[in-house]
Amino acid sequence: MQSSQAVTDHCNSSQEAEPASADQRLALALKELKDLKAALNAHAIVAVTDARGVITQANEKFCEVSRYSRDELIGSTHRIVNSGTHPRSFFLQLWKTISSGQIWNGEICNRAKDGALYWVQTTIVPQLGPDGRPEQYISIRADITQRKRAEEQALHLALHDALTGLANRVLLAEHLQRTLASSRRSRRHGALMLLDLDNFKDVNDRFGHSQGDALLCQIALRLLACVRETDTVARVGGDEFVILLNELDTDPAQASVHAYAMAERLRESLGSTFDLGGLLVPSTLSIGLLLFDGSSDGTEELMKRADMALYQAKERGRNNVCVFDPTLQASILSQTGLIDDLRQAIQRDEFHLLYQPVVSPLQQPQDWEALIRWQHPTRGLLAPAAFIKLAEESGLILSLGQWVLRAACEQLTHWGRVPATAHWSVAVNVSARQFLDPAFAARVQSVIEGSGINPSLLRLELTESMFLTDIEKSILKMQSLRALGVQFALDDFGTGYSSLSYLKRLPLDQLKVDRSFVQGLPGSREDAAITTTILTLARTLGLQVVAEGVENKAQFDFLLQHGCSAFQGYLFGKPMSAQDAASHFPPARQAIAGSE
Ligand SMILES: Nc1nc2c(ncn2[C@@H]2O[C@@H]3COP(=O)(O)O[C@H]4[C@@H](O)[C@H](n5cnc6c(=O)[nH]c(N)nc65)O[C@@H]4COP(=O)(O)O[C@H]3[C@H]2O)c(=O)[nH]1
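Quick look at the structure, then. Every residue gets a number counted from 1 within its own chain, in the order that chain's sequence is written. Under the rules for a predicted model, residues below a pLDDT of 70 receive no local features and side-chain atom pairs below 80 are neither given nor counted, while totals for whole chains, interfaces and linings still include all residues. Side-chain measures were taken over the full set of non-hydrogen atoms in the model, leaving aside hydrogen atoms and water.

**Section: the overall build of the protein chain**
- Within the protein chain, the regular secondary structure consists of 23 helices and 21 strands.
- Three labels apply to residues, based on accessible area from a 1.4 Å probe with only protein chains included: buried if under 20% of the type maximum, exposed if over 50%, partly exposed otherwise in between. Within the protein chain, the proportion of its 596 residues that are buried is 44%.
- At a minimum sequence separation of 6, the contacts of the protein chain that also span at least 24 residues come to 62%.
- Total accessible area on the protein chain stands at roughly 30400 Å², and carbon and sulfur atoms take up 54% of it. Helix and strand definitions here come from DSSP, where helices need a minimum of 4 consecutive H or I residues and strands a minimum of 2 consecutive E residues; each element is numbered from the N-terminal end. Working rule for contacts: check all heavy atoms of both residues, and any pair within 4.5 Å makes them a contact. Calculation of accessible area relied on Shrake-Rupley with a 1.4 Å probe; when residues are assessed, cover is drawn exclusively from the protein chains displayed.

Shown next as structure tokens:
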């Protein structure tokens, strides 16, 4: 509620504010107008033009923003600041509005005397004469250049990759749509290329993400240098780039020649090493190439097909270009079918393990490597090469790997019941996806506990690439299992980074020399040097060495001579069933092996 005193005060002040005479009222009104004008001038660009658009008044702000002097502005029309950004129809519409006596509102991009562009939010108010026709126009403009820049930046960010500045997936889809439409009109073919760096993950893992980013930026520049300005280069994923070539040729054969030549140029351009602040990094590229014309299916289908071609290129090994063709589609679809089959195969009990002996210098088995096989209902017996990669990519390796562990531990339990085989241990291959799973150690432990085996008879085979992501975590994981007694082997040694720094830190028991080095023994000087170096290194680190893929006596003799203590290969036995394992090495010999 208002108090009586407050009401009295209000009345008094109202009486004081009321000017005594008309002169005073006029003076007050003029002062208010002056203040308003000053405020307007401080904030806005104000100009007055005559009915023809010739500037008759220009305020200080207009001069300041346009960088023209008042003398230069007065007598000119607004064409003096025309930036050429807007089409003629834009100004025709503007004039149509104001000359009919209506107010026009809108955003205009102008050019200052020094060439810089500036944006103004503009209101043009016609002042009508006694005949109702405009006599002059007052335009009030607010400088919105900063807002416009922010908007442009936001738009740019929404359509471009923040790291490289290349088009992103959204802009690529837009360009692809446009290219398809123009191809429909011109009948010229276009080409879509999906590019994937073969070794990007390694660069990131070995040298860190900032170097990985630097590599991506350099790659973006090289790609841009290869294409025409009208083509599109986009980055659509970590190390995935897309190139869209348009208006190639009406003749499909000619168009594919152009596209293929471009793919080769890209491969060549990326083939030379990248200099990352003194660090010389090589890089190779796999390319999936697809030719299309206006009659082709939608953008999504095109991307899918180019992706299939890329998949095929990567399958063929590094540094390949693969052109999409419909048979490829069939083969990929059959792979997809295989994934579906893989999903059901565990429940249908279609997998089994074979065991390959790892023998001592006296050729007695001391250890068995479990190797998986899939008895596919229609495709027959499949080796791991046909499905392990698919299982990894689809994530099914987690349940498959668990099955392998369980089956291998069951086998250990069987062998443990027979004295002659009770000392046999089993090595199980672990895939990267399995090992990197946070629950890996717990999963292994639960299988060991469930089967009741002696954990020191279980050896897990890991590969070098697994330690590139986070060595500290890997060590902890291995240590927790090693505390139970589980052993670890490093498989395919020599084919990865073979970094001594991590080799020293990992809790390993065994190194397995990759088959590719053993193959060349004893003839190849290089292979001999690598193998003997690994043997010496392992001895220094207190690790056992297993030579893989020993196929003949000369290889065996060489390895034996150089101090190798364990051997695996067809010379001693191919992968075989558990029953065959026991009969292949009958108890009498096993007893000798046990007494070694
Ligand atoms: N030419 C030749 N080959 C020999 C010789 N000795 C052994 N091999 C083959 O070399 C592979 C050795 O296994 P790996 O290097 O661990 O390589 C394995 C391993 O990386 C993977 N793998 C096998 N079983 C499993 C599994 O249960 N889980 C996972 N994650 N991977 C597995 O599949 C790869 C291939 O297995 P397999 O086809 O069984 O092929 C086996 C074996 O049959 C030889 O003297 N000459």
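Let us keep going from here.
**Details of the packing of helix H14 (residues 397-417) against helix H16 (residues 440-451)**
- Close contact between H14 and H16 brings their axes to 10 Å; oriented N to C, the two are set at 30 degrees. Comparing their axes, H16 and H14 come out roughly parallel. For the pair H14 and H16, the crossing hand works out as right-handed. Listed contacts from H16 to Leu 398, Gln 402, Leu 405, Arg 406, Cys 409 and Thr 413 of H14 are Arg 443, Val 444, Ser 446, Val 447 and Ser 451.
- Of the residues belonging to the contact of H14 with H16, the class tally is five nonpolar, four polar and two charged. With axes taken as lines fitted to C-alpha atoms, and helix axes fitted only over the stretch in contact, angles between N-to-C directions fall between 0 and 180 degrees. We call two directions roughly parallel when the angle between them is under 35 degrees, roughly antiparallel when it is over 145, roughly perpendicular when it lies between 65 and 115, and oblique otherwise. Two helices crossing with the near one rotated counterclockwise from the far one by less than a right angle form a left-handed crossing, whereas a clockwise rotation gives a right-handed crossing. Basically, the charged four are Asp, Glu, Lys and Arg, the nonpolar ten are Ala, Val, Leu, Ile, Met, Phe, Trp, Tyr, Cys and Pro, and anything else, Gly included, counts as polar.

**Notes on the site of the ligand**
- Taken together, 21 residues lie around the ligand, and Glu 369, Asp 491, Arg 515, Glu 551 and Tyr 570 are the ones closest in.
- With respect to the ligand, the side chain of Asp 491 contributes an N or O atom lying 2.9 Å from an oxygen atom.
- Polar contacts here mean pairs of N or O atoms no more than 3.5 Å apart (in protein, one a potential hydrogen donor and the other a potential acceptor; neighbouring residues in sequence count only if both atoms are side-chain atoms). Between the ligand and the protein, one listed contact pairs an oxygen atom with a side-chain N or O atom of Glu 548 at 3.4 Å.
- Every element with two or more residues in the shell around the ligand is listed here: strand S14 (365-376) and strand S18 (487-493).
- Top contributing element to the shell around the ligand by residue count: S14, with four residues.
- Here the shell around the ligand is built from residues that sort into eight nonpolar, five polar and eight charged. One heavy atom suffices: a residue is near a molecule or strand as soon as one of its heavy atoms comes within 4 Å of it.

**Points about helix H8 (residues 200-207)**
- Here H8 has its buried residues at Phe 200, Val 203 and Asn 204. All buried residues of H8 fall inside an arc of 95 degrees around its axis, so they share one side.
- Buried-residue contacts for H8 involve strand S6 (190-197), helix H9 (209-226) and strand S10 (279-281). What the arc covers is the set of directions going from the helix axis to the C-beta atoms.

**Notes on the packing of aromatic side chains**
- Any two of the Phe, Tyr and Trp rings considered here, Trp counted by its six-membered ring, make a pair once their centres fall within 6.5 Å; the pair's planes then place it as stacked at under 30 degrees, edge-to-face at over 60, or tilted in between. A full pass over the atoms with the stated rule returns 15 aromatic pairs.
- On the basis of an interplanar angle of 40 degrees and a centroid distance of 5.5 Å, the ring pair of Phe 351 and Trp 374 is categorised as tilted. Separated by 23 residues along the polypeptide, Phe 351 in strand S13 (residues 351-359) and Trp 374 in strand S14 bring together distant segments of the chain. Accessibility assignment for this pair places Phe 351 and Trp 374 in one class, buried.
- Arranged with centres 4.8 Å apart and planes meeting at 75 degrees, the rings of Phe 556 and Phe 567 form a pair that is edge-to-face. With a gap of 11 residues between them, Phe 556 in helix H21 (residues 553-561) and Phe 567 in strand S21 (residues 566-568) connect regions that are remote in the sequence.

**Some points on the packing of helix H7 (residues 169-186) against helix H11 (residues 299-315)**
- Across the interface, H7 lies against H11 with an axial gap of 10 Å and an inter-helix angle of 110 degrees. Classified by the angle between their axes, H7 and H11 sit roughly perpendicular to one another. Of the residues in H11, those touching H7 at Arg 169, Leu 172, Ala 173, Leu 176, Gln 177 and Leu 180 are Thr 299, Leu 302 and Met 303.
- For the contact of H7 with H11, the per-class residue count stands at six nonpolar, two polar and one charged.

**Quick word on the pattern of salt bridges**
- By salt bridge we mean one thing: a side-chain nitrogen of Lys or Arg within 4 Å of a carboxyl oxygen of Asp or Glu. Enumeration according to the criterion identifies 30 salt bridges in this entry.
- For the salt bridge of Glu 107 with Lys 148, the shortest nitrogen-to-oxygen distance reads 2.7 Å. Of this pair, Glu 107 sits in strand S3 (residues 104-111) while Lys 148 sits in helix H6 (residues 145-159); the two residues are 41 residues apart in sequence, bridging distant segments of the chain.
- Residue Glu 107 is classed as partly exposed on the basis of its relative accessible area, which comes to 25%.
- Judged by its relative accessible area of 12%, Lys 148 falls in the buried class.
- Look at the salt bridges and you will find they share partners, linking Glu 107, Arg 147, Lys 148 and Glu 151 into a network.

**Looking at the environment of Pro 357**
- Along the polypeptide, Pro 357 turns up in strand S13.
- For the pair Pro 357 and Ala 370, spaced 13 residues apart in sequence, the C-alpha to C-alpha distance is 9.2 Å.

**Re the sheet that holds S3**
- What makes two strands pair is DSSP finding at least two bridges between them. Read from one edge to the other, the open sheet built from five strands follows the order S2-S1-S5-S4-S3, with strand pairing classed as antiparallel. Strand pairing shows two members of the sheet lacking a second neighbour, strand S2 (55-58) and S3, which therefore form its edges. On average, adjacent strands in this sheet sit at an angle of 30 degrees to one another, irrespective of strand direction.
- Where strand S1 (residues 45-50) lies against S2, three bridges are found, and the strand directions are antiparallel. By the bridge assignment for S2, Ala 47 is matched with Ala 58.
- Against the sheet, helix H5 (residues 88-99) touches S3, strand S4 (117-128) and strand S5 (134-143), its axis set at about 140 degrees to S3.
- Most of the contacts of H6 go to S4, to which it runs at about 130 degrees, and overall it touches S3, S4 and S5.

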